[in-house]
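Fold and geometry: a report
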Amino acid sequence: MSALNERTERYYTLYKDNIKRISESSSPYINSFREAAIGRFNELGIPTKKNETYKYTSLDTFFNHDFKSCFIPVAQDFVKAEEFRCDVTDLDAHGIVLLNGFYPTIHDKLRELPGGIWIGSLNEAAKKFSKKIEMHYGKYAEDDKDGLVHLNTAMASDGVFIYVPEDVVLKKPIQIVNLVQSDEDIFNQHRNLIIVEKNADVTLIVCDHTLSPQKFLTNGVTEIYVGENSHFDIIRVQNEHNNAGKITHTFIHQERNSVASSNNITLHGGLVRNSTHHYLGGEGAESYSYGLYLADKFQHVDNYVNVNHAFPNCTSNQLFKGVLDDMATGAFNGRIFVRKDAQGTLAYQKNSSILLTDDAKMDTKPQLEIYADDVRCSHGATVGQLDENALFYLQSRGINKREARLMLMFGFAHDVIQNIKVEALRERMDNLVMQRLKGELSRCASCMVKCG
Amino acid sequence: MLAIENLKVEIDGKKILKGISLEVKAGEIHAIMGPNGSGKSTLAAVLAGREFAMVTEGTVTYMGKNLLDMPPEERSKEGIFLGFQYPIEIPGVSMVNFMKTAVNEHRKHKGLEPLSASDFLKMMRDKKELVEIDSKLANRSVNEGFSGGEKKKNEIFQMAMLEPELAILDETDSGLDIDALRIVANGVNRIKRPDTSAIVITHYQRLLDFIVPDVVHVLYDGRIVKTAGKELAHELEKKGYDWIKKEVDKNNLS
């Protein structure tokens, strides 16, 4: 092995120091991935701006920080987290509370929801659903060039497992509230696996909140399998403080005639980097990738989307919008890859940003690689200010400038929110966005977890 | 109600209005006509508070107050309404939310409580009927995807909701077929009360068949060059603007 740079070395050391503890609680199958993964991580290292997909995002502030340890939860951590779980009200959703991305393993490590859906700890599921895990785990997270995905495969000690059997239609969404809380600065890696068998229909909403002011760095990987003819929507609401770094890698594998959507709503966070990979792995599949980013101060939000059209007659659509204030920066890189035999592909992409100040900055880059000839693809990007004409129009009806600006920003953001299918959820998101734009958001008012 | 005195306005250093004086009394309807580029729309924009136009000289007094000191929203709440020549599309902002916010801002200004949701919806319904606007339009985003005629009707609908003291209609008739024109004009007539006033800016006399003015002004090259009764509109329709241009240019030479 060639000499590692100092930063990669540090994470390799973290691996060596902790791998015994991590492996003890994991299944042999999950452990079987670790050695190759850390080897690949050592080759690739922590991504820098030289990595094409991280061109506009520096991870330095967070990865140069000396996190003393990686977070491996023990039962007593959850006891502490329970204190924050004061009042869980059932808001037309099936609610689950996580701590730093981990399913509480004090009581039931795996629990059954209506319709035979199972949700719980990945490690626990590896016992009960070992065949399913072996069929799906590690099969979709295959971004070979991103060292962070490999670091996660090597070190993640646990995460959330969701299993949706065939033909299950769940009207209420599943809501996961992830509390980010610790007494010390932590580096936190969890690994999720979601299996949706055929003909099912499920919506999942995941909300991240930081509850303590420590420095956090999260590097999470989620693998999602969407079976034939199923519908699956995942909505992420990211609301973390300026000292929190959040890196998510989501891999959605779709079978034929399935419809899947991902919606990353970034309301707050120091550094946010979402990479969302859509693999259209069967004819007639449809994939939708949405994102909304609202950033201010020195925040940075980067969305990387990779849509892979591997089969004919699939449809994909990307819509990412954002408002950047103060010195905030943003990046969007949307890749559409159409394989040679993926004829009849429809693939669209749009990214629009509003910069409220001269210092805010947005980098946007479409990336189309098309090897089939019968396809329809389009992409468009705009970066601009609030429309002065629209502002005047609203003012001329008696609406003051501040309110008029809010209405315009809200209207701009609503374009993304309106794609949420569940009406109650859509309204809640609209409210959250409005609060955020007004600068009134600390905790999401409609959150099922009422803290303090 | 409104007194404009020697108003001079520049846009990007170019003199657009070169000394306009005009007085509109309560209850009066004034028509401002004139060829393209004479400064009609700039005058409307300045009265509504558009910032791109810079007032270099002159005063505008509205109800005894200095109008030029007020931000656009203040002017609106004080009773001035501008009907836009090109209404703006605002995706994502619903007509209901837009109008509810506007109406309640006006009510707050008058020291009134905000309207309840049901009272507001009833008001929307009544005013929609008044201006014969398709009720589906109210459920959509502001002007988004509206046809030219629908946009103009929507302007009159907003005017009906806000009940202004002084309406300034900037070429509200342009691009309308005769049926839409009649609906728009009827709307304006129904909204008008005996003590409210209007400034109607138009190219064409045909709107003035429906909204009958008390006074007609001709604006040319940044000045009001002719003021007369409603018969002037007919004369302009027949003879065009060339004779006025000639008259003005001749005077300028001599």
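Everything in this summary refers to the structure shown in the same document. As the structure is a prediction and not an experimental result, all values here were calculated from the model.

Points about helix H8 (residues 147-155) of chain A
Residues and elements named next belong to chain A. Taken across its 9 residues, H8 has 9 buried, putting it largely inside the fold. Among all positions of H8, only Gly147, Leu148, Val149, His150, Leu151, Asn152, Thr153, Ala154 and Met155 are buried. The N-capping residue of H8, defined by a side-chain oxygen 2.9 Å from the backbone nitrogen of leucine 148, is aspartate 146.

Remarks on the packing of aromatic side chains
What the rule picks out here adds up to 18 aromatic pairs over all chains. Pairing A:Tyr29 with A:Phe33 gives two aromatic rings, centres 5.3 Å apart and planes at 80°, and the pair type is edge-to-face. Classification of A:Tyr29 by relative accessible area gives partly exposed; the value is 22%. Aromatic pair A:Phe392 and B:Phe84: ring centres 5.8 Å apart, planes at 55°, arrangement tilted. Residue A:Phe392 is located in helix H9 (residues 388-395), and its partner B:Phe84 is located in the loop between strand E6 (80-83) and strand E7 (90-94); the two belong to separate chains. For A:Phe392, a relative accessible area of 5% puts it in the buried group. Residue B:Phe84 is classed as buried on the basis of its relative accessible area of 9%. Connected via pairs of aromatic rings, a cluster forms that spans A:Tyr11, A:Phe63, A:Phe67 and A:Phe187. Over the aromatic face of A:Trp118 sits the side chain of A:Lys128, whose NZ or CZ is 4.6 Å from the ring centroid. The aromatic ring of A:Tyr54 is capped on one face by A:Arg273, whose charged end is 3.7 Å from the ring centroid.

A few points about empty space enclosed by the protein
Residue and element names in this part refer to chain A. Taken as a whole and assessed by the stated rule, the structure comprises 8 cavities of 30 Å³ or more. Roughly 230 Å³ of internal volume is contained in the largest cavity. The wall of the largest cavity is formed by 22 residues, among which His190, Asn192, Val206, Thr222 and Arg236 lie closest to the centre. Counting only elements with at least two residues in the lining of the largest cavity, the list comes to strand E5 (160-164), strand E6 (174-180), strand E8 (191-196), strand E9 (201-210), strand E10 (216-226), strand E11 (231-239) and strand E12 (244-254). When its residues are assigned to classes, the lining of the largest cavity shows 10 nonpolar, 9 polar and 3 charged.

A few points about the nonpolar core
Counting 119 residues, the largest nonpolar core has B:Leu2 and B:Phe98 as the members making the most contacts within it. At 10 residues, helix H10 (residues 401-417) of chain A tops the list of elements feeding residues into this core. The residues contacting B:Phe98, other than those within four sequence positions of it, are A:Tyr393, A:Leu394, A:Arg397, A:Ile399, A:Met407, B:Val93, B:Val142 and B:Gln158. Among the nonpolar cores identified, the runner-up in size contains 26 residues, and A:Ile46, A:Phe67, A:Cys70 and A:Ile72 belong to it.

A look at the sheet that holds strand E19 (residues 345-355) of chain A
Within a sheet, each strand pairs with its neighbour through backbone hydrogen bonds, oriented either parallel or antiparallel. Residues and elements named next belong to chain A. Taking strand neighbours across the sheet as the criterion, the 9 strands line up as E2-E6-E9-E11-E13-E15-E17-E19-E21 in an open arrangement whose pairing is parallel. Here the strands that pair on one side only, and so sit at the sheet edges, are strand E2 (94-99) and strand E21 (375-384). For this sheet, the mean angle separating the axes of adjacent strands, direction not counted, is 10°. In the sheet, E11 pairs with strand E13 (residues 259-268) via 9 bridges, with the strands oriented parallel. Along E13, the bridge assignment pairs histidine 231 with valine 259.

Describing the interface of chain A and chain B
Contacts between the two partners involve 20 residues from chain A, matched on the other side by 28 residues from chain B. It is A:Phe392, A:Tyr393 and A:Arg397 that lose the most area in chain A upon contact with chain B, and together they represent 40% of the buried surface on that side. Viewed at the interface, chain B and chain A are joined by 1 salt bridge. With its nearest N and O atoms 2.7 Å apart, the salt bridge here joins A:Arg397 to B:Glu155. Where chain A meets chain B, there are 12 residue pairs in polar contact (both at pLDDT 80 or more). For the side of chain A that touches chain B, the secondary structure elements donating two or more residues are H9 and H10 of chain A.

Parameters at a glance
Chains are numbered independently. Their residues run from 1 in the order of the written sequence. The naming scheme follows written order: chains are lettered A onward, ligands numbered 1 onward. In keeping with the predicted nature of the model, local features appear solely for residues at pLDDT of at least 70, side-chain atom pairs appear and are counted solely at 80 or more, and the whole-chain, interface and lining totals rest on all residues. Values shown for side chains rest on all heavy atoms present in the structure; no hydrogens or waters enter the calculation. The buried label goes to any residue with under 20% of its type's maximum accessible area, the exposed label to any with over 50%, and the partly exposed label to all in between, with areas taken from a 1.4 Å probe on protein chains only. For the purposes of this entry, the term helix denotes a DSSP run of H or I that reaches at least four residues, the term strand denotes a run of E that reaches at least two, and both are numbered from the N terminus. Here a polar contact is recorded for every N or O atom pair within 3.5 Å, except that within protein the pair must consist of a potential hydrogen donor and a potential acceptor, and residues adjacent in sequence are included only if both atoms are side-chain atoms. Only centres within 6.5 Å qualify two rings of Phe, Tyr or Trp (six-membered ring in Trp) as a pair; their planes then separate them into stacked at under 30 degrees, edge-to-face at over 60, and tilted for everything else. Put simply, a charge is over a ring when the Lys NZ or the Arg CZ is close to the ring centre, within 6 Å, and near the line of the ring normal, within 35 degrees. With a 1 Å grid spanning the protein atoms alone, the term cavity applies to any set of points in which a 1.4 Å probe fits but cannot get out, the term pocket to an open set with protein on both sides within 12 Å along at least five of seven lines, and the term lining residue to any residue with an atom within 4 Å of a point. Grid points are joined across faces, edges and corners, and a volume is the space filled by probe spheres set on the points. For this classification, Asp, Glu, Lys and Arg are treated as charged, while Ala, Val, Leu, Ile, Met, Phe, Trp, Tyr, Cys and Pro are nonpolar and the rest, including Gly, are polar. Residues enter a nonpolar core if they are buried and are Ala, Val, Leu, Ile, Met, Phe, Trp, Tyr or Cys, with the set joined through side-chain atoms within 4.5 Å. Contacts are assigned to residue pairs that have any heavy atoms within 4.5 Å of one another. The pairing criterion is simple: DSSP has to find at least two bridges between the two strands. Only the stretch in contact is used when fitting a helix axis, every axis being a line fitted to C-alpha atoms; angles between N-to-C directions are given from 0 to 180 degrees. Here the quantity called buried area is the total loss of accessible area, with a 1.4 Å probe, experienced by two parts when brought into contact, counted for both. In what follows, salt bridge is the name for a side-chain nitrogen of Lys or Arg lying within 4 Å of a carboxyl oxygen of Asp or Glu.

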